[in-house]
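Close look at the chain arrangement
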Amino acid sequence: MDDIVSPLDERYKTEMTPIFGQKAKLDRWMDVEIALANAHSKLGNIPKGAAKEIASAKPKVQLERVNVIEAEIHHDLMALVKAMSEQAGESGAYVHFGSTSYDIEDTATALIFRDAIAQIEKRLVSLRVVLKTLAQKHKKTVCIGRTHGQHATPTTYGMKFALYYQEAGRNLERLSEVKKRILVGKMSGAVGTMATFKGQGEKIEKMVMDELGLSPAPVATQVVQRDRHAEVLSILALTASGVEKIAKELRNLQRTEIGEVGEAFGSKQVGSSTMPHKRNPHKSERVCSLARLVRANVAVALENISLEHERDLTNSANERFIFSESFIVLDYMLVQMESILKGLEFFPANIKRNLELTNGLIMAERLMIEITDRKIMGRQEAHEFVRSLSQTAFRENRHLKEVFSESEIGKKFRKNEIEGLFDYPPYIGESE
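In short, a report on the structure.

Cut-off values and rules
Every chain is numbered on its own, with residues counted from 1 as its sequence reads. pLDDT decides what is reported in this predicted model: residues at 70 or higher carry local features, side-chain atom pairs at 80 or more are listed and counted, and totals for whole chains, interfaces and linings draw on all residues regardless. Note that the side-chain values use all heavy atoms of the structure and ignore hydrogens as well as water. Definitions used throughout: a 1 Å grid over protein atoms alone; a cavity as a set of points that fits a 1.4 Å probe which cannot get out; a pocket as an open set with protein on both sides within 12 Å along at least five of seven lines; a lining residue as one with an atom within 4 Å of a point. Grid points are joined across faces, edges and corners, and a volume is the space filled by probe spheres set on the points. The helix count covers DSSP runs of H or I at least four residues long, the strand count covers runs of E at least two residues long, and both are numbered beginning at the N terminus. Each residue receives one of three labels: charged for Asp, Glu, Lys and Arg, nonpolar for Ala, Val, Leu, Ile, Met, Phe, Trp, Tyr, Cys and Pro, and polar for the others, Gly being one of them. To get an axis, a line is fitted to the C-alpha atoms, and for a helix only the part in contact is used. The angle between two axes follows their N-to-C directions and goes from 0 to 180 degrees. Just so you know how the angles are binned, under 35 degrees is roughly parallel, over 145 roughly antiparallel, 65 to 115 roughly perpendicular, and the rest oblique. Any pair of residues with heavy atoms lying within 4.5 Å of one another is described as a contacting pair. Nine residue types can take part in a nonpolar core, namely buried Ala, Val, Leu, Ile, Met, Phe, Trp, Tyr and Cys, and a core is a set of them joined through side-chain atoms within 4.5 Å. When accessible area is computed with a 1.4 Å probe and restricted to protein chains, residues below 20% of their type maximum are described as buried, those above 50% as exposed, and intermediate ones as partly exposed.

It is worth spelling out empty space enclosed by the protein at this point. Per the counting criterion, the structure on display carries two cavities of 30 Å³ or more. In this structure, the largest cavity spans a volume of roughly 80 Å³. Around the largest cavity sit Leu-124, Leu-127, Tyr-164, Glu-167, Ala-168, Asn-171, Thr-239, Gly-242, Val-243, Lys-245 and Ile-246, which together line it. Within the residue set of the lining of the largest cavity, elements represented by two or more residues are helix H5 (101-137), helix H6 (157-182) and helix H8 (227-253). When residues of the lining of the largest cavity are assigned to their parent elements, the largest contribution, five residues, is made by H8. Residue composition of the lining of the largest cavity, grouped by class: six nonpolar, three polar and two charged. As for the second largest cavity, its lining consists of Asp-106, Thr-109, Ala-110, Ile-182, Val-184, Val-224 and His-229. In terms of residue class, the lining of the second largest cavity is built from four nonpolar, two polar and one charged.

Laid out in structure tokens, this is it:
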């Protein structure tokens, strides 16, 4: 444990981590090599039985041996080819036949992305169940709505959670839709011409992709084009930002001055090393922090799109970080957010207190609409009238209801009518 550098291997480790592990990567590389050998075998390009022997080599290849070879030759994919060839006997001569490194690597990346996207989809579905439950449970929990950080008009907590539920659904749609563009592979050689396959290139490529459950990239250079990968990372960033939106709202609502909700706090949990009373929203803050990382990786992915000529190597090193990092971090964020929401505490007294904090000013809109509906004034005139009353109420620290009752127009209303206009729960429109 002492030599762990990346928190992805410990603190933020999830079920996503092994999908991007070294062993999983080698397994996916070998899956592609085997599919290529099978295609050659079916077309009679390699000896009968060679593909079977190449496939049988997969469980025998050890990561340690691949690492030893790579240390000698300084090429990770070729190290795998050599290790696989060692285990395939005479048929080892046909491992990697006709392909270039990124035929294998980019196709394998699509396989890894398929598993990784499925994992994110599973998390989003689970999160939506929690959000839906909260939306239904709190559809009558009236609270103050805020715009520009100021009290606006009443809304409900059910509306908040319904909003997040829908956004998570849109991100599920985006992930589903992007699959047709990211789940593609190539078997087209050094610059995309398929020259090594002697006229069988498209046929071989289709056979390989069919076996792997991928689509062939219609045109490629030495690599699958990086706009595809940038799009996926952009969707991960959108999803991370949606999760951050929830976390940021919960952080603000947990402020001491607001105090409407709070993260669950364990009986032995410590909030501060020096302030024993603290109940910090540290999980939500962590979610917000990690969202910045996922978004930042999109900038790198966008830079990778414009490789020089048929490709250069400027994408390679950074992709060893941004692919695994973005998926693992987002997976962790989704796990954390589901846990936060399941343990979320509500403080009804504070919710009620905040509704009443402005002495009825939050019902100014309703008052304006009622005056207009009764045709006492036009809408614009009513707006100016209520605005003036609101300024007076604020300046004199009095309830708007009281100031309105004293006005000439207010005297046209019965007392119970005025009371009704300042009753918060009914003024939530169609939020339920």
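With that settled, the discussion passes to the packing of helix H1 (residues 22-42) against helix H2 (residues 50-57). At their nearest, the axes of H1 and H2 sit 8 Å apart, and the two run at 170 degrees to each other. Classified by the angle between their axes, H1 and H2 sit roughly antiparallel to one another. Taken together, the residues of H2 that come into contact with H1 (itself represented by Ile-34, Ala-37, Asn-38 and Ser-41) are Ala-51, Ile-54 and Ala-55.

Another aspect to go through is the nonpolar core. Within the largest apolar cluster, 99 residues are counted, with the highest numbers of intra-cluster contacts made by Phe-20, Phe-161, Phe-327, Met-333, Met-337 and Leu-341. At 15 residues, the largest contribution of residues to this core is made by H5. In contact with Met-337, not counting residues within four places along its chain, are Leu-127, Val-243, Ile-246, Ala-247, Leu-250 and Val-287.

Further remarks concern the layout of surface pockets. Taken as a whole, the largest pocket spans an internal volume of roughly 730 Å³. Along the walls of the largest pocket sit 26 residues, with Phe-20, Gln-22, Glu-319, Arg-320 and Ser-324 positioned nearest its centre. Elements with a minimum of two residues in the lining of the largest pocket: H1, H5 and helix H10 (316-342). Element by element, the count of residues in the lining of the largest pocket is highest for H10, at eight residues. Within the lining of the largest pocket, the residues separate by chemical class into 10 nonpolar, seven polar and nine charged.

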